[in-house]
Amino acid sequence: MKRLLLLFGTIGWLQADTKINNEVLDQLIQLLENDGATQSLIISNDERIIHEYYANNYSQNNLATSWSIAKTFYAALIGVAIQQDLIDYSDLEKPISYFVPELKLDSKSDITLYNILAMKTGLEITEYLNEEMFFSINNLNFAMNVDPKEEQGNVYEYNNVNTMLLNPIIESIFGLTPHEVLISEIFNPLNITDYGLWKDSAGNDMTYYGVDLRPIDFMKFAHLVMNNGKQNGVQIIDEKFMFDSIQPISKGTGEWFGLHWSVRKFNESKTLVGLEVTDGQTMFLIPEERLAMVRFTKYFHNPYKGHQVKFGPLEYLLWMPYSWIKYITTLVAAETAPGVEPVDDPSINFPDTKSLGVSELNCPFTAPDECYGVSKIQDLFFGLGESATTLK
């Protein structure tokens, strides 16, 4: 475990003089751009864009949607709170009821903020991995009513409910909604002006998915993380919090997990940090080599409909067993035939990354190391740099 000792032994990444392996770069580009579902691909080296691609009928101005990459944005707000002295780093060990007093008598009242961030709450996960929350009218109410099934701190389990619980915690700390905080504390310093932030049908800010940005603006956030939470010399996210967030704290299946970040590969000199989520949306970093990549799949959404979830006629079916709802929704948001334009139902509004093509490289609900496409992307990106590293 020499790599772990290196990771935990110092704050501040290794700085690298990175030479790009052009053969590997070409293979990575070809793999991702030959996938008909790819909307955009951007790769950077030391914050310089070395490759930028947009599919036909898309440009740099079209928004992409994050799905679960959004989790890293909202978790970062806890680091912002520490940097602004709104809370102390030691407050991560305080229970959720400290921040959300209405949970003082709740079964999960003692679950700590740290364990929420580390996905070690022990909260119940259904056979459908709590997908039912997305298809509930009030996602926050769903999350607030999930009970623990085992003791916190023992087992890592990826659970959307954990991140939805950051909603009331963020609001308690800042006195503003999560969306308001994200805009003022992350978007404004990064000069991100074109965005969509999703709410559930009841009007609650989504914190486990639902950030729509231009791909280049997702890359700005990746660079912020790569720079230890610092932008133009100003520390936005607490440095220790940012460092700890991307450490391999808990072993999952085919990946390690930090504080709302995944560690996909590492050796004694470098680490591949990031997420590859629902339909192939990807944000990968190798901080030691100052490499970053964002890839998004084709997004079908009419921005004039806004960013509040509407189920249309499906809302009247939400009382049904979830297995039925899941089947029905696969028919509503299914890939259309080649050359056929998807139908934009005015009564339905949610992030749709299936209608315009399903990624050949993605394996939903499959461990990264068990999915050929994801493993191939990770291996190529991990081999992209040929660096001589020195401690910063």
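Residues numbered from 1 in each chain as written. Predicted model: local features only at pLDDT ≥ 70, side-chain atom pairs only at ≥ 80, totals over all residues. Heavy atoms only, no water.

Before we go on, may I ask you to explain the overall build of the chain in this structure?
A count of helical and extended segments in the chain gives 13 helices and 17 strands. The C-alpha radius of gyration of the chain comes to 20 Å, within 12% of the 21 Å expected for a compact globule of 392 residues. On the principal axes, the C-alpha backbone points of the chain span a range of 60 × 55 × 40 Å. Expressed as a percentage of the 392 residues in the chain, the buried residues total 57%. Relative to all contacts within the chain whose residues are 6 or more apart in sequence, the contacts with residues 24 or more apart total 69%. In the structure as shown, the chain presents an accessible area of about 16500 Å², 50% of it carried by carbon and sulfur atoms. If the 28 positive side-chain charges of the chain are averaged to one point and the 51 negative ones to another, these points end up 4 Å apart. (Helix = DSSP H or I, 4+ residues; strand = E, 2+ residues; numbered from the N terminus. Rg over C-alpha atoms; globule rule 2.2 N^0.38 Å. Buried < 20%, exposed > 50% of the residue type's maximum accessible area, 1.4 Å probe, protein only. Contact = heavy atoms within 4.5 Å. Areas by Shrake-Rupley, 256 points an atom, 1.4 Å probe, with all protein chains shown as cover. Lys, Arg positive; Asp, Glu negative; His and termini not counted. Charge placed at Lys NZ, Arg CZ, Asp CG, Glu CD.)

Can you help me understand the sheet that holds strand β6 (residues 211–213) in this one?
Read from one edge of the open sheet, three strands run β4-β6-β5, paired in antiparallel fashion. The open sheet has two edge strands, β4 (64–65) and β5 (195–197), and neither has a second partner. As paired elements, β4 and β6 share two bridges and run antiparallel to each other. Of the residues in β6, the one forming a bridge with T65 is D212. Along the sheet, helix α9 (residues 178–187) makes contact with β5 and β6, crossing β5 at roughly 150 degrees. (Pairing = 2+ DSSP bridges. Axes fitted to C-alpha atoms, helices over the stretch in contact; angles between N-to-C directions.)

Quick question: what am I supposed to make of the pattern of salt bridges here?
Oppositely charged side chains may form a pair once their charged atoms are brought near each other. Tallying each qualifying case throughout the model produces 16 salt bridges. The shortest N-O distance in the salt bridge between R264 and E255 comes to 3.1 Å. Residue classification places E255 among the buried positions, given a relative accessible area of 15%. In this structure, the salt-bridge partner of K265 is D379, at a minimum N-O distance of 3.0 Å. Remark: D379 occurs in helix α13 (residues 372–382) and K265 occurs in strand β11 (residues 262–266); sequence separation between them is 114 residues. (Salt bridge = Lys/Arg side-chain N within 4 Å of Asp/Glu carboxyl O.)

Just to check I follow, could you spell out the environment of L331 for this structure?
You can see L331 is positioned in helix α12 (residues 322–332). In this structure L331 comes out as exposed when scored by relative accessible area, which is 55%.

Help me out: how do you make sense of unusual backbone geometry in this one?
Phi at E47 takes a positive value of approximately 70 degrees, unusual for a residue other than glycine. With a phi close to 55 degrees, M119 is a non-glycine residue in the positive phi region. If you trace the backbone, M119 turns up in the loop between α5 (113–117) and α6 (139–144). Exposure remark for M119: the relative accessible area of 1% places this residue in the buried category.

Just checking my understanding: could you explain the nonpolar core for this structure?
Of all hydrophobic cores here, the largest spans 88 residues; its most connected members are I78, I169, I186 and F221. If you tally residues by element for this core, the top one is helix α3 (residues 70–83), at 10 residues. In this view, I78 contacts I87, L92, L113, L117, I169, I170, I173 and F241; residues no more than four positions away in its chain are not counted. Among the nonpolar cores identified, the runner-up in size contains 20 residues, and L25, L28, L31 and L41 belong to it. (Core = buried A, V, L, I, M, F, W, Y, C linked by side-chain atoms within 4.5 Å.)

Before we go on, may I ask you to explain the confidence of the model for the chain in this structure?
Low-pLDDT stretches of the model should not have their predicted coordinates read in fine detail. Across the chain, pLDDT averages 92, with 93% of residues at or above 70. With pLDDT under 50 throughout, residues 1–10 is counted as low confidence; its partners more than four residues away or in other chains account for 21 contacts. When the criterion is pLDDT under 50, residues 388–392 qualifies, and its contacts beyond four places in sequence or with other chains add up to 14 contacts. (pLDDT = per-residue confidence, 0-100.)

Help me understand the side chain of T163 in this model?
Secondary-structure assignment places T163 in helix α7 (residues 160–164). Those residues in contact with T163 that lie beyond four places of it in its chain are K71, M119, T207, Y208 and H260.

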